[in-house]
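This is what each chain is made of:
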Amino acid sequence: MNILSAFVVVPLAMLLMLFVCRRTSQIRAIMVAGASALVALAAVLAALFVQQRAVSPDEMLFVSDLVWYKSLNIHYTVGVDGISVLMLALSAIIVFTGVFSSWHMPREYFMWYCLLAIGVFGFFISIDLFTMFLFYEVALIPMYLLIGVWGTGRKEYSAMKLTLMLMAGSAFLLVGILGIYFTSGATSMSMLELAKQHIPMLHQYWIFPATFLGFGVLGALFPFHTWSPDGHASAPTAVSMLHAGVLMKLGGYGCFRVAIGLMPEAAHELSWIFLILTGISVVYGALSAVVQTDLKYINAYSSVSHCGLVLFAILMLNRTAMTGAVLQMLSHGLMTALFFALIGLIYGRTHTRDIREMGGLMKVMPFAAVCYVIAGLASLGLPFLSGFVAEMTVFVGAFQHTDTFHRVLTIVATCSIVITAVYILRTVGKILYGPVQDEHHLHLSDAAWYERISAVGLIIFIAMLGMFPYGVSELISQSLEPIIARLM
Amino acid sequence: MSFFSDFLLLRQEISLMAVFLVLFMYDILSSGRGKAYFHLVACALFGLHTALGFLPAESGSAFGGMYVTSPLTALMKNILSIGTFVVLMQASRWLRVSGKQGEFYVIILSTLLGMNFMVSAGSFMLLYIGIEMASLPMACLAAFDKYKEKSAEAGVKYILLAALSSGIMLFGLSFLYGATGSMYFANMQSLIDAAPIAVLGFVLFFVGLAFKISVVPFHLWTADVYEGAPTSVTAYLSVVSKGAAVFALVFTLWQVFGAISEVWHHLLWGLSLVTIVLGNLFAIGQKDIKRFFAFSSISQAGFILLGVMGGTEQGMTATVYFVLVYLFSNLAAFGVISAVENESGRTDIAAYNGLFRSNPKLTFVMTLAVFSLAGIPPFAGFFSKFFIFAAAAEQGEYLLVFLALINTVISLFYYLLVIRAMFINPAEESAVGKIRSGGYIRLSLALCTAGILLVGLLSGIYEYVGGISFGI
């Protein structure tokens, strides 16, 4: 079997095993073993990929092709380039840490969690548009139940809003995919094949916006981002982690690979519309985070801002900015997951997420508080942590455009760095330092061992990405080659 | 010799007839103790008939072109038989309680026989006879619980509107006969043109079939009849009866009205959209689960028209495949509805609150069914919807596909309301307890679950349908 298919088979096997097992210890064993296997797989894949890359000039490696629906040219085609390998690694890390952050959850929760994982991994390995779309939708539906059943607050409303908005996005996407297939005259839905075809300009003018919008909804593109704050705020911890950490990246990845990768001409012509929207996302998201008082809402809006930056960078259509976009996806994925893990931890103990009701937690739970500070610093772009590398690359890339339009937008987007500092420092100062607000908080315990695993694991990767970005950015930049060539 | 070989072409109808007669005699001749085995014998015989239908079929026509058969018609009849088989199994407990098994089988099998003739008709005469044969006993079925006011009302509503619609259809057929001088599909094909008289005839004929498929604006009977009729009959109406009418529509459109596809293309464009939208909008507010599925089935009918619209080979494949998948999904849902109704006598959606905690297995089946109907992967419904959309997109109907897709989002909203009731809403005081469903229902649900899970993932079924379909 192809190593890539294993990424789908492992969560599937976990799901099937959960059907039979009932005891808590068994469930935890399955989840930990499966998630570790996924991380190991990702590591092996990365090593093999670097090895293969050196000798093979192909765009995608480990390609395997299985004819599925012959008469419609639907294949199950998998393959990876450097970017997908990194995305798979990110997903594996977050699925792994997510398991530890949802330690006390029941069996059914983990079943949906596995289904979500199948969707996410399947999406990143697919290069056939049909398969890709299929996995994309597989990833969306478990969210409804995960949030609706195990969430908090206005969970039913949020779950419904999130599901419907994302499905509406996928409606745009499906029309776009059918358009791509039928207008290009290709004989398969594989992206490698489609990239060689030319889609008539007339059709590109509607397919590009449709696909970009379709994926953009998941990437929290303004004004279609409203599902994200509500969804994240209501979701249980690990689901927030997975959703902000990985699922929103599906949006960015899809925009980049499908919308821009297959329709480069339209991307050049129409990028300005979406650049304005993403510019708004970046600044508006950050500003909204400043006025929020709920910890999860602060992070959700911060995600809108950061994911907006991903789309913003992709639309700059040059190598440096796109490299930055992928770095930003990784960095944001890791640090948001860390944020949500910690917020879940704090909320589980204080039973409030309102920052006005908390204070002085540094004395009470030093481990969690230090981790929170690290996450905050990564988020506001401190050098040696991942955020700095990513944002730096993005803005350098964006500044390579010399015309006024791009310059102005870049300057506006850069403001978000300052605003980010405002809301991060405000939150950290309010909840971690100062006097303890509620005397009940004095007796709270610090992070348990499984929560520590989750936090430490994420911090290691954030620091590694921040200190040794060269290998990663080289890998990305190499993989961008074919797309850049098409864009020129 | 040719006389016998003509009859051999009819083997599906003949075996159905044999089952029908055996059960009829059994019901009349058996006494109290013998009746205990009636259901088992009926299901076994009918299962045998269904299995026999899968023997390789040959193409041919009998009785001077009146009756036509091909691997495709055999497949369609098999689909109808599978649906009926599942319905029979789901009806077991309700029938045992009501104690009128014999009539039910005799009536339901005679409607099925009519539907088989609808599918195999090579002439409007046989088609019309088939339709009448399917709809008159259907009214008896709808009124089967005749002491319940709603059931009796459903029967009356159905028979009145069915009579009206078949009157309109006959009127249309007379125009068509006037225009072409023939009732045989093979002859009419070349004679039909866009002359007003033929178009008028076509429109009236279409209205008659649209009534059966419950296409808006001919859907008004649907919700009331679905709600009033016994649940198993509702299931039968929503799947088998609708499926047969769709098949008949596809055959006549392709074989007879191919030359005026311009005319019906526009007609179906509008009707499919209106059907999907109205079905969806009305489904949202429903409190009764049978009414809810009535409107959901109307909106599904709109999707079917989307596949029919193009008149291509791909469209026919997608339509037949869609009906097959719809059959499994809808019958799975109705199986759960029967189980809950048998236990508690309730059909309101509130009865499903907290079902997950009391009956996880039934909830699992219902979840699969609802997700499949909503078109969520990896369930079969996703594939069937995708193929329908692909068939329409192949014709360049991107706008329509997009509008239909937006409607799938609306439909997801109300399907999720059912999911929400089962998983999220807290159970009431009077909630349904642990249901011990009988072996028959379990078997039927297992069959449907397998269908929902496998039909999409195994591409062979679609390829087989594709291999025997044809375009205009």
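Up top is the structure.
Calculation notes
- Residues numbered from 1 in each chain as written.
- Chains lettered and ligands numbered in written order.
- Predicted model: local features only at pLDDT ≥ 70, side-chain atom pairs only at ≥ 80, totals over all residues.
- Heavy atoms only, no water.
- Patch = residues over 30% accessible without salt bridge, like charges linked within 9 Å, V, L, I, M, F, W, Y side chains within 5 Å.
- Areas by Shrake-Rupley, 256 points an atom, 1.4 Å probe, with all protein chains shown as cover.
- Salt bridge = Lys/Arg side-chain N within 4 Å of Asp/Glu carboxyl O.
- Helix = DSSP H or I, 4+ residues; strand = E, 2+ residues; numbered from the N terminus.
- Expected span 1.5 Å × (residues − 1).
- Contact = heavy atoms within 4.5 Å.
- Buried area = accessible area lost by both parts, 1.4 Å probe.
- Nonpolar A, V, L, I, M, F, W, Y, C, P; charged D, E, K, R; others polar.
- 1 Å grid on protein atoms, 1.4 Å probe; cavity = no way out; pocket = protein on both sides within 12 Å on 5 of 7 lines; lining within 4 Å.
- Points joined across faces, edges and corners; volume = space filled by probe spheres on them.
- Phe/Tyr/Trp six-rings, centres within 6.5 Å; stacked < 30°, edge-to-face > 60°.
- Buried < 20%, exposed > 50% of the residue type's maximum accessible area, 1.4 Å probe, protein only.
- Axes fitted to C-alpha atoms, helices over the stretch in contact; angles between N-to-C directions.
- Parallel < 35°, antiparallel > 145°, perpendicular 65-115°, else oblique.

Undergrad: Give me a nonpolar patch on the surface: which residues, what numbers.
TA: A grouping of Phe384, Val456, Ile460, Phe461, Met464, Met467 and Phe468 of chain A is seen on the molecular surface, where their side chains present a nonpolar patch of about 700 Å² in accessible area. Tracing the backbone through its elements, the reader meets Phe468 of chain A in the loop between helix H18 (449-467) and helix H19 (469-487).

Undergrad: Can you explain helix H17 (residues 404-432) of chain A? Please cite residues and give values.
TA: Taking 1.5 Å per residue as the helical rise, H17 of chain A with its 29 residues ought to reach 42 Å, and the 43 Å between its terminal C-alpha atoms agrees with that figure. Note on H17 of chain A: the residue one or two positions beyond its end, Gly434 of chain A, has a positive phi of about 75°.

Undergrad: Please give an account of the interface of chain A and chain B that cites residues and values.
TA: Opposite the 36 residues of chain A that make contact, chain B presents 40 residues. Between chain A and chain B lies a buried interface of about 3,300 Å² when both sides are counted; carbon and sulfur atoms form 84% of it. Put simply, chain A and chain B have 1 salt bridge between them. Across the pair Arg420 of chain B and Glu156 of chain A runs a salt bridge whose closest N-O atoms are separated by 3.5 Å. Put simply, the parts of the chain that give the side of chain A that touches chain B at least two residues each are strand S1 (61-69), helix H4 (107-125), helix H5 (129-150) and helix H6 (155-184) of chain A. Broken down by class, the residue content of the side of chain A that touches chain B amounts to 26 nonpolar, 5 polar and 5 charged.

Undergrad: Can you break down the layout of surface pockets residue by residue, with the values?
TA: When its volume is computed, the largest pocket comes out at roughly 1,400 Å³. Within the residue set of the lining of the largest pocket, elements represented by two or more residues are helix H1 (6-20), S1, H4 and H5 of chain A together with helix H18 (360-374) and helix H21 (439-457) of chain B. Broken down by element, the lining of the largest pocket gets its largest block of residues, 7 residues, from H18 of chain B. Counted by class, the lining of the largest pocket contains 32 nonpolar, 3 polar and 4 charged residues. Counted as a void, the second largest pocket has a volume near 650 Å³. Along the wall of the second largest pocket there are 23 residues; nearest its centre are Ala46, Leu86, Ala89, Met464 and Val472 of chain A. Going through the elements one at a time, helix H2 (24-55), helix H3 (82-101), helix H13 (319-350), H18 and H19 of chain A are the ones with two or more residues in the lining of the second largest pocket. The residue inventory of the lining of the second largest pocket, partitioned by class, reads 19 nonpolar, 2 polar and 2 charged.

Undergrad: Just give me the short version of the packing of aromatic side chains, but keep the residues and values in it.
TA: Residue and element names in this part refer to chain B. Within this structure, the stated rule accounts for 74 aromatic pairs over all chains. Ring centres of Phe292 and Phe293 lie 5.2 Å apart, and the angle between their planes is 90°; this geometry places the pair in the edge-to-face category. Of the two residues, Phe292 and Phe293, both sit in the buried class. Here Phe292 and Tyr414 contribute two aromatic rings whose centre-to-centre distance is 5.4 Å and whose plane-to-plane angle is 90°, an arrangement assigned as edge-to-face. Of this pair, Phe292 sits in helix H15 (residues 289-309) while Tyr414 is found in helix H20 (residues 398-423), placing the two residues 122 residues apart along the sequence.

Undergrad: I'd like a rundown of the packing of H15 of chain B against H18 of chain B, residues and numbers included.
TA: Residues and elements named next belong to chain B. Following both chains from N to C, one finds H15 and H18 inclined at 30°, their axes separated by 12 Å at the closest point. One way to sum up the angle between H15 and H18 is to call them roughly parallel. Seen from H15, the contacting residues are Ile289, Phe293 and Gln300; seen from H18, they are Met366, Val370 and Leu373. Among the residues forming the contact of H15 with H18, the class breakdown is 5 nonpolar, 1 polar and no charged.

In short, geometric facts, not functional conclusions.
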